[in-house]
Every structure is written in structure tokens, then in C-alpha cells.
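# Reading the structure
Here's the letter readout for the chains.
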Amino acid sequence: MSAALASATLSEPVPVTAAGMIPAASPAGRDDLLVGLRDIVASDLAPQVHKIDHEGFYPDAVLRSFGQAGAFTAHVGAKPDLITAIEAMALAGEHCLSTAFCIWCQDALAWYLAQSQNAAPREALLGEVAQGARLGGTGLSNPMKSFFGIEQLRLKGRRVKGGYEVSGGLPWVSNLGDDHLFGAVFELADAPQHRVMAVVDCSREDIVLRQSTHFLALEGTRTMAVNFRKAFIPDSMVLAEPVEGFIRRIRAGFILLQAGMAFGLIQGCVNIMRGTEKGLGHINKYIPEQPAMFEDALAGMRETVHGLAATPFEADPAYWRAVIEARLAAGDWSLKAAQAAMLHAGASGYIVGAAAQRRLRESYFVAIVTPATKQLRKMLADLDAK
């Protein structure tokens, strides 16, 4: 953690009420928070970006510093402020999408806990997750695909005394470790239409993590396969049962938060383009895609996403369509910006270690992370078919 923040934040726990809720954050504190987070990014994250990308280094210290500074708190208060969470994520994404993605994982985990009607997991875990003392992932890639008819649920459970016994496996869950947490959805083996969502503790012996896949980018995200070996999930860790109403409640926030990754990556690509102007501006001016184009697009996307983020529980079908369209645009513009940055950088962006080629690799992730571009287009088609 940066020295400027260490003395102010390390000993200050996130306040949690008796019901496991976090009091509403003050919007006036957003600017101060983002200034502090920018300091962490500059001092603690930026120098490690190459190590994260090339060595698969997991930036857990940065994640914990973000938590201690308050980055994971605003969107889970009594009045959820997703805008602050999105912009905090964007600060990291401007330099490193791996870290921004891990921040999204942490934000999503806190979002689940805060929105659960079961007070037990909130009381036990929300404060620690919002503080960054417990890190974790989302585990909803397979369920989100299942809910929209793309995959079958991979986890099966059965009712036992005090909870559920769950078996199966998830191929990729990110931001994990031996003491981490993640959300998971399973269906009952004897009643497949009955689905349960819970928080899973990776420290349990019946939960086995395995890292066997290597990725083109985002190697530093601790993405692992998870096996449930008749894993016991106590009732105290259940977030929702059945899950349908809960998923409808959390889905807009889950998706809108991902905009922080795109905003940060696009700004990082603009920075690359602007950085070439002095030496290559005389020739780069002939490239149709100029940095101002992406700055204007980014401003427009921010306005749209911020407006949608102000009402994350809106039930109007038109609102849900707008959320899907906004997320689709974020992925599309990420790809465009990264390709333009590569062209502006030219040969210097094509060498090992160059920022431009890393941003190009990272941009594809924005378009394929669940919900991927193809899933978002299917979701829009499904809405049109109704």
C-alpha cells in the first residue's frame, strides 16, 4: 500500500450494522477516494504490470489496498453507488486489465452478499469482503450461461442436515486462493428446476482448486478449476433459494460493474495513442481512428452507464435492454480502441513487453468474459422474439 494511505486506512474496519449491512456512503467522498486509489495504482500497481502479464503474478496486495481504501464499499451501502465502484475499477484498468478484472470479481462477490435476504452470510462475510480482508470470485459464468439457454448447470446438490452436499466442477473461476470465497449456483439432483445460490469457502477440504490452464492474457487473475467433492454448503452460506428473483435483482449491477474494465482499458489505449503524437503524429494522422474519437465515445458510454447504474434494481424491460446494449458497446469499443492503439504504436507496439500488444490481448477478454459479446447478442435477440 502507498505510504499516503497506509496510516489512514489499515486500522479502519468497514462499519457493518447488526443486520450485516453497510451504511450508505457519502457521494461527496467519491473524488477523495478516487484520488487515493490513483495513488495506489501509480505506486503499487503500475510498476508490476509487466510481472502480472508475463509471470502470472497475482496482485493480491493491490486488491487489499483497494479494499482498505474503500473501493469495495460504496456499491454495497444502504444506497448502492455503482458509479464509484465502476470508476475505481477503471483506474486500475487504465494500466492492467488483470487487476481490474480481479477488482470486478471482488465487487461482484460483495454485491451478492449485500443483496442477499439471508442475514447470516452478510453478518459473517460482507464486512471482510468490503474491506478486502477476504478476497474472492464470482463463480457465475456457468449459471449466467445456463439461465440464457447456453449451457447446463455443472453443479448438483442434495439436501442434507444443516445444508447441502454439492458435487461437480467449474472449469474457470477467477480471483481465487486457498482462503478465498466465491459465489456458486447448483441445482438439486432430484429437482433440477430448484436452484440454490451460495457462498463457497475455498479453505474447505471438500473444495479442490487446480490451476492447469494458461491464458493469452490475464494470467495473474488466479483463474482455477474448482471441484466439489460432495462439498458441504451450510445454510448459513446460502444467498438465495430459489435463485430466480435474486438473479433478477443482481444481474444489472453484475453487468454494469464490468464497464469499469472497459473504461480503464479504452483510456489506457487513448494514452498510448496520445503518447505517439510527438514522434509519429506526422504519419499517424492518416489513421482514420484518432484518439479524440475514443475520448468522445468513452464520455458517451460513461454518461449512459452512470445513468443506468443509478437505478440497478429497475424492473422495466426497456431498462434491462439498455443494460445489455451498454455492455455490448463497452466490449465493441474496447476492441476498436486496442486495435487503434496498436496501429498508432506501430512496430514499437509489436515487441515483447510493449503496452500496445498487451492491451490488444486484454481487449479480447472484455468481449469474451461472461456475458460475452455473442451471449449479449443472443440476449437481445431473445428479447426481440418475445
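Residues numbered from 1 in each chain as written. Predicted model: local features only at pLDDT ≥ 70, side-chain atom pairs only at ≥ 80, totals over all residues. Heavy atoms only, no water.

### Observations regarding the overall build of the protein chain
A count of helices and strands for the protein chain gives 15 helices and eight strands. In summary, the protein chain has a C-alpha radius of gyration of 20 Å against a globular reference of 21 Å for 386 residues, a match within 12%. Along the first, second and third principal axes, the C-alpha atoms of the protein chain reach 70 × 55 × 40 Å. By the burial criterion, 54% of the 386 residues in the protein chain qualify as buried. Surface summary for the protein chain: the accessible area is close to 16,000 Å², and the carbon and sulfur share equals 56%. For the protein chain, the separation between the mean place of its 36 positive charges and that of its 39 negative charges on side chains is 5 Å. (Helix = DSSP H or I, 4+ residues; strand = E, 2+ residues; numbered from the N terminus. Rg over C-alpha atoms; globule rule 2.2 N^0.38 Å. Buried < 20%, exposed > 50% of the residue type's maximum accessible area, 1.4 Å probe, protein only. Areas by Shrake-Rupley, 256 points an atom, 1.4 Å probe, with all protein chains shown as cover. Lys, Arg positive; Asp, Glu negative; His and termini not counted. Charge placed at Lys NZ, Arg CZ, Asp CG, Glu CD.)

### Some remarks on the packing of aromatic side chains
Enumeration over the complete set of coordinates arrives at eight aromatic pairs. Three or more aromatic residues joined by ring pairs make a cluster, and in this case those are Phe-101, Trp-104, Phe-254 and Phe-365. A cation sits over an aromatic face here: Arg-159 above Tyr-164, 4.8 Å from the ring centre. Note that Arg-249 overlies the ring of Phe-313, its terminal NZ or CZ placed 3.9 Å from the centroid. (Phe/Tyr/Trp six-rings, centres within 6.5 Å; stacked < 30°, edge-to-face > 60°. Lys NZ or Arg CZ within 6 Å of the ring centre and 35° of its normal.)

### Some thoughts on unusual backbone geometry
That bond from Glu-241 to Pro-242 is cis: its omega, -5°, falls within 30 degrees of zero. Summarising the element assignment, Pro-242 is placed in the loop between strand S8 (238-240) and helix H9 (244-256). Here Thr-370 and Pro-371 are connected by a cis peptide whose omega angle stands at 0°. Relative to the elements of secondary structure, Pro-371 occurs in the loop between helix H14 (355-368) and helix H15 (373-385). The phi dihedral of Asn-175 falls on the positive side, at around 60°, and the residue is not glycine. By secondary structure assignment, the location of Asn-175 is in the loop between strand S3 (163-173) and strand S4 (181-188). Taking relative accessible area as the criterion, Asn-175 reaches 0% and is therefore assigned buried. One non-glycine residue, Arg-222, lies in the positive phi region at around 50°. Note that Arg-222 resides in the loop between strand S6 (207-210) and strand S7 (224-234).

### Notes on the nonpolar core
Across soluble globular proteins, you tend to see nonpolar side chains buried next to one another. Among the nonpolar cores identified, the biggest contains 122 residues, and Phe-66, Tyr-112, Phe-182, Met-197 and Phe-228 are the most heavily contacted of them. When near neighbours in sequence (up to four residues on either side) are disregarded, Phe-66 contacts Leu-37, Ile-40, Val-41, Ala-71, Phe-72, Ala-88, Ala-92 and Ile-103. (Core = buried A, V, L, I, M, F, W, Y, C linked by side-chain atoms within 4.5 Å. Contact = heavy atoms within 4.5 Å.)

### Topic: the packing of helix H13 (residues 317-345) against H14
One can describe the packing of H13 onto H14 by two numbers: an axis separation of 8 Å at closest approach and a directional angle of 165°. Taken together, H13 and H14 sit at an angle that is classed as roughly antiparallel. Crossing of H13 over H14 shows left-handed handedness. Between H13, through Arg-327, Ala-330, Gly-331, Ser-334, Leu-335, Ala-338, Gln-339, Ala-341, Met-342 and Ala-345, and H14, the contact on the second element is made entirely by Ala-356, Gln-357, Arg-359, Leu-360, Ser-363, Tyr-364, Val-366 and Ala-367. (Axes fitted to C-alpha atoms, helices over the stretch in contact; angles between N-to-C directions. Parallel < 35°, antiparallel > 145°, perpendicular 65-115°, else oblique. Left-handed = near helix turned anticlockwise from the far one by under 90°.)

### Some thoughts on the pattern of salt bridges
Taken as a whole and assessed by the stated rule, the structure comprises 18 salt bridges. Here Arg-377 ties to Asp-332 by a salt bridge, and the two come within 3.4 Å at their closest N and O atoms. A residue pair is termed long-range when its members are at least 10 positions apart, and Arg-377 in helix H15 and Asp-332 in helix H13 qualify at 45 residues. Asp-332 sits in the partly exposed class, given a relative accessible area of 21%. (Salt bridge = Lys/Arg side-chain N within 4 Å of Asp/Glu carboxyl O.)

### Observations concerning the environment of Leu-113
Take Leu-113: it is sitting in helix H6 (residues 97-115). The sequence separation of Leu-113 and Ala-130 amounts to 17 residues, and the corresponding C-alpha distance is 9.8 Å. When residues no more than four places from it in sequence are discounted, the contact partners of Leu-113 are Pro-121, Arg-122, Leu-125, Leu-126, Val-129, Val-199 and Leu-239.

### Thoughts on the side chain of Arg-195
Assignment of secondary structure puts Arg-195 in strand S5 (residues 191-201). Within the buried set, Arg-195 has no salt-bridge partner at all; the shortest N-O distance to an opposite charge, 4.2 Å, is to Glu-187. The contact partners of Arg-195, leaving out residues within four places of it in the chain, are Ser-146, Phe-147, Leu-153, Val-185, Phe-186, Glu-187, Ala-240, Glu-241, Pro-242, Val-243 and Glu-244.

### Here's the deal with the confidence of the model for the protein chain
If pLDDT is low for a region, its predicted coordinates should not be looked at in detail. Across the protein chain, the average pLDDT comes to 93, with 93% of residues at 70 or higher. Here residues 1-13 is a poorly scored stretch, pLDDT under 50, and it has 20 contacts once near neighbours within four places are set aside; other chains count. (pLDDT = per-residue confidence, 0-100.)

### Focus on the pairing of S7
Pairing between S3 and S7: eight bridges, direction antiparallel. Counterpart to Val-166 in the pairing with S7 is Ala-231. Alignment of S6 against S7, held across four bridges, turns out to be antiparallel. In the strand pairing of S7, Ile-207 is matched with Phe-228. (Pairing = 2+ DSSP bridges.)

### Side note on helix H7 (residues 119-131)
Relative to the 18 Å expected for 13 residues at 1.5 Å per residue, H7 spans 18 Å between its end C-alpha atoms, a close match to the ideal helical length. Leu-125 marks the point of greatest bend in H7, at about 45°. Where H7 is concerned, the buried positions are Pro-121, Arg-122, Leu-125, Leu-126, Gly-127, Val-129, Ala-130 and Gln-131. Backbone geometry just after H7 places Gly-132 at a positive phi near 85°. (Expected span 1.5 Å × (residues − 1). Bend = angle between axes of the 7 residues up to and from the residue.)

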